[in-house]
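Structural description and commentary
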Amino acid sequence: MNYIITTDSNSDVPSDYLEENHIPVIPQYYAFGDTVYGDELNMAPAEFYATMRKGELPKSMANNPAVIREKFEAILKEGKDILHIAFSSALSGSCDNVMVAARELMEEYPGRTIQVFDSLNASIGEGVSVYRATELYRQGKSMQEVYDILMEERSHVNVWFTVDDLHHLQRGGRVSKTTALVGSMINIKPLLRITSSGELKSDGTVRGRKKALKTLVSNMESALDLEHYGKDRIVGIVHGDCMEDALSVKMMIQEMGFEQIIVNDVSPSIGTHAGPGVVGLIFYGKEVKE
């Protein structure tokens, strides 16, 4: 095949899968104080979340245009085209950075093509499109065919998640300071989803962690569209250093008859906003609402 699939580190695709399928990754950055991580320097997720639990607050940053050019240009020089699967343009400027680099490089390499697929999603919500693209690539689909299928299915990637500490959402402007304070006192857990335009939206609250995890699964049951997206489709579960909760959700999903279930850490650049204890559930189903 004459093209390469690429993505960014916010897709939260397990590293062994990326290596096995030779998928280059553009790093997303995060920092504690003046120390920037994401490229040569990285923190293991457990260390990252442990640092947050100690009270240190990280910040996230977009990707580096120079790094994008370097990674893309190496592929173009091999005579390959690029299908890049990007983090939601509604949540970061990273997708725009990739698109700018793609336009510039296609002018410099007129025989080559770079297509940027805006996933309008994050974490494994973005990552399932990497899996889907790889599956279609193996079937011998052209880059344009893969891109068209991803576009057709994009609005059917459902993402629901809950967080354990409202104060991290408050820092990011997702909830008010009063809501965070009162909610934490009475053990309120928010339920959030990613909309069809790629933005975060609050969709109610429940009391207690166990109830929140069960509600993620019940929301999935209500949103399934098994006629068009069957139980052979991948389901993703991501977590912020709370594997036991993620495995609890996995068990409930297995009881529903799904077998292809990915469990992975939420990458630090996303975990910066969600905090330790975030659990996300990603699946193909009915068309996502605004």
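Look up: the structure comes first, before these words.
Residues numbered from 1 in each chain as written. Predicted model: local features only at pLDDT ≥ 70, side-chain atom pairs only at ≥ 80, totals over all residues. Heavy atoms only, no water.

1. Concerning the sheet that holds strand S12 (residues 261-265)
We apply this condition: Whether two strands pair depends on DSSP finding at least two bridges between them. Each helix is a run of DSSP H or I of at least 4 residues and each strand a run of E of at least 2, with the numbering of both proceeding from the N terminus. Whenever a helix is involved, its axis is fitted only over the stretch in contact; in every case the axis is a line through C-alpha atoms, and angles between N-to-C directions fall within 0 to 180 degrees. Note on contacts: a residue pair is in contact if any heavy atoms of the two residues lie within 4.5 Å.
Overall, mixed pairing links the six strands, which are arranged S10-S9-S8-S13-S11-S12 in an open sheet. Edge positions in the open sheet fall to strand S10 (200-207) and S12, since each of these has one partner strand only. Strand-to-strand twist in this sheet, taken as the mean axis angle between neighbours without regard to direction, amounts to 20 degrees. Where strand S8 (residues 157-162) and strand S9 (residues 188-194) come together, three bridges link them in antiparallel fashion. Bridge pairing in S9 links phenylalanine 161 to leucine 192. On top of the sheet, helix H9 (residues 209-223) reaches S8, S9, S10, strand S11 (235-239) and strand S13 (279-284); it is set at about 10 degrees to S13, its chief contact.

2. Describing the sheet that holds strand S4 (residues 35-37)
Strand order across the open sheet formed by three strands is S4-S3-S5, with antiparallel pairing between neighbours. This sheet does not close on itself; its edge strands, each paired only once, are S4 and strand S5 (59-61). Strand-to-strand twist of the sheet, defined as the mean angle between neighbouring strand axes without regard to direction, takes the value 30 degrees. When strand S3 (residues 29-32) meets S4, the two strands line up antiparallel, connected through three bridges. Bridging from a neighbouring strand, tyrosine 30 pairs with tyrosine 37 of S4.

3. Concerning the nonpolar core
Here is the rule: Take the buried residues of types Ala, Val, Leu, Ile, Met, Phe, Trp, Tyr and Cys, join any two whose side-chain atoms come within 4.5 Å, and each joined set is a nonpolar core. Burial classification: accessible surface area is computed with a 1.4 Å probe over protein chains only, and a residue below 20% of its type maximum counts as buried, one above 50% as exposed, and the rest as partly exposed.
Phe48, Leu83, Ile85, Val128, Val146, Leu150 and Ile282 are the most contacted members of the largest nonpolar core, which has 45 residues in total. The element that contributes the greatest number of residues to this core is helix H5 (residues 124-138), accounting for six residues. For leucine 150, the contacting residues outside a window of four places in its chain are Leu83, Ile85, Phe117, Ser129, Arg132 and Ala133.

4. A closer look at helix H2 (residues 45-53)
Applied cut-off: An arc is given here, and it is the one of the directions from the helix axis to the C-beta atoms.
Looking at H2, one finds that the buried residues are Phe48, Tyr49, Thr51 and Met52. Angular distribution of buried residues about the axis of H2 spans 155 degrees; they occupy a single face of the element. Downstream of H2 by one or two residues, glycine 55 has phi in the positive range, about 105 degrees.

5. Describing the pairing of strand S1 (residues 3-8)
Of all six residues that make up S1, six are buried, and the element is covered over most of its length. The alternating pattern of S1 places Tyr3, Ile5 and Thr7 and Ile4, Thr6 and Asp8 on opposite faces, both of which are buried. Judged from the five bridges that link them, S1 and strand S6 (residues 81-86) form a sheet pairing that is parallel. Looking at S6, one finds that tyrosine 3 is bridged to aspartate 81. The pairing of S1 with strand S2 (residues 25-26) spans two bridges and is parallel. Bridge pairing in S2 places aspartate 8 opposite isoleucine 26.

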